[in-house]
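Structure assessment
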Amino acid sequence: MRMMHPGTNAPQRPIDLLVLVSALGPKGLAVTHEIADVLFSVNGETAHAREFTWAALGIHGTVLGEDEPLDSPRIRAAAGPGNALACHAAYEFGGDPTALPGGQAWLDAITAHPRTQRHLAVHDQHLLDLNVADTAAWNAGSWQAITSTTVTGTLTVSATSSASTRETASRKSSTSPPAPTSPANSNASSPSPVTYR
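Overview of the structure. (Residues numbered from 1 in each chain as written. Predicted model: local features only at pLDDT ≥ 70, side-chain atom pairs only at ≥ 80, totals over all residues. Heavy atoms only, no water.)

1. With respect to the overall build of the protein chain
To keep it simple, the criterion reads: Each helix is a run of DSSP H or I of at least 4 residues and each strand a run of E of at least 2, with the numbering of both proceeding from the N terminus. The classification of residues rests on relative accessible area computed with a 1.4 Å probe and restricted to protein chains. Under 20% of the type maximum is buried, over 50% is exposed, and intermediate values are partly exposed. Contacts were defined at the residue level, with two residues in contact if any of their heavy atoms lie within 4.5 Å.
Secondary structure assignment for the protein chain yields five helices and seven strands. Listing every helix and strand of the protein chain by position from the N terminus yields β-α-β-β-β-α-α-α-α-β-β-β. Across the 197 residues in the protein chain, those meeting the buried criterion constitute 36%. Partitioning the contacts of the protein chain with sequence separation of at least 6, the portion at a separation of at least 24 is 53%.

2. Some remarks on the environment of Asp37
Note on placement: Asp37 falls in the loop between helix H1 (26–35) and strand E2 (38–41). Taking relative accessible area as the criterion, Asp37 reaches 37% and is therefore assigned partly exposed. Apart from the residues within four sequence positions on either side, Asp37 is in contact with Leu17, Leu18, Val19, Phe52 and Trp54.

3. Side note on helix H2 (residues 73–92)
Put simply, the test is: Working rule for helices: expected span equals 1.5 Å times residues minus one. Working definition for bend: take the seven residues up to and ending at a residue and the seven starting at it, fit an axis to each, and measure the angle between the axes.
Here H2 is 20 residues long and its end C-alpha atoms lie 28 Å apart, about the 28 Å a rise of 1.5 Å per residue gives. Helix geometry: H2 is bent most strongly at Ala79, by close to 55°, with proline Pro81 lying one to four residues after it. Of the residues trailing H2, Gly94 is marked for its positive phi of about 80°.

4. Description of the packing of helix H3 (residues 103–111) against helix H5 (residues 132–139)
The following threshold applies: Only the contacting stretch of a helix is used when fitting its axis, a line to C-alpha atoms as for every element, and angles between N-to-C directions run 0 to 180 degrees. Should an angle fall under 35 degrees it is taken as roughly parallel, and over 145 as roughly antiparallel, whereas 65 to 115 is taken as roughly perpendicular and any remaining angle as oblique. Crossings are sorted by hand: turned counterclockwise from the far helix by less than a right angle, the near helix makes the crossing left-handed, and turned clockwise it makes it right-handed. Residues are sorted three ways: Asp, Glu, Lys and Arg are charged, Ala, Val, Leu, Ile, Met, Phe, Trp, Tyr, Cys and Pro are nonpolar, and all the rest, Gly among them, are polar.
Contact geometry of H3 with H5 gives a least axis separation of 7 Å together with a crossing angle of 155°. Viewed along their axes, H3 and H5 adopt a mutual orientation that is roughly antiparallel. For H3 against H5, the interelement crossing comes out right-handed. Counted together, Ala105, Trp106, Ala109 and Ile110 of H3 and Ala133, Asp134, Ala136 and Ala137 of H5 form the full contact between these two elements. Residues of the contact of H3 with H5, tallied by class, amount to seven nonpolar, no polar and one charged.

5. Some details on the pattern of salt bridges
Rules: Any Lys or Arg side-chain nitrogen found within 4 Å of a carboxyl oxygen on Asp or Glu counts as a salt bridge.
As enumerated under the stated definition, the model contains one salt bridge in all. Of the charged contacts in the structure, one is a salt bridge between Glu68 and Arg74, with a shortest N-O distance of 2.9 Å.

6. Looking at the side chain of Ser142
Along the polypeptide, Ser142 turns up in the loop between H5 and strand E5 (147–158). Taking relative accessible area as the criterion, Ser142 reaches 8% and is therefore assigned buried. If we skip the residues at most four places from it in the chain, Ser142 touches Asn83, Pro101 and Ala137.

7. What to know about the sheet that holds E2
Rules: Any two strands with at least two DSSP-identified bridges between them are counted as paired.
Ordered by their spatial adjacency, three strands build an open sheet running E1-E2-E3, and the pairing between neighbours is parallel. One side of each edge strand has no neighbouring strand; the edge strands of this open sheet are strand E1 (20–22) and strand E3 (55–57). Geometrically, the sheet is characterised by an average inter-axis angle of 25° between neighbouring strands, direction not taken into account.

8. A short note on the pairing of E2
Spelled out, the test is: For crossovers, right-handed means that the path from the first strand over the helix to the second runs clockwise, given strands pointing away from the viewer.
Alignment of E1 against E2, held across three bridges, turns out to be parallel. The residue of E2 that forms the bridge with Val21 is Leu39. In this fold, E1 hands off to H1, which returns the chain to E2; that crossover is right-handed. With three bridges joining them, E2 and E3 adopt parallel strand pairing. By the bridge assignment for E3, Phe40 is matched with Ala56.

Put into structure tokens, the structure is as follows:
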């Protein structure tokens, strides 16, 4: 099927777009080198960023309202899915979800599914909303692990040696805890891509 928009309804073709591929392991990185322009990574994985012209690193958080509690419904909706990523990553990369706040409740909800359905159960609503297991962890107190950080001055995000992004920030922010170290990022030799000044 082809959808050809009238000339006034879309950019002129061909449309030159950068292709980002998310990759954490060696096979994914090989494919990314072959077909993509940009590496997209998460979990603080920056070891391979310099192999690309530029790279994107996904981080999660939200800006808190004045005196807004961390367990508010809005914070749950905005930061909860990123917070739940810690359990998802621990489970997928062989870590121990029970070492995380609310992790035992999360794992109990996942293991209630037949083994053949657990992968899908883990990733149901992944980074969109809290699934049943994520909600169990949130209710058991995983929201308490959200770090409240005051950021003042310049936030510098550097993914490669040749490109960096600077954003002026003076705000109170809520950020999700880092995911447990995985085999993919346990040997990362690059410095942290995010520095606060």
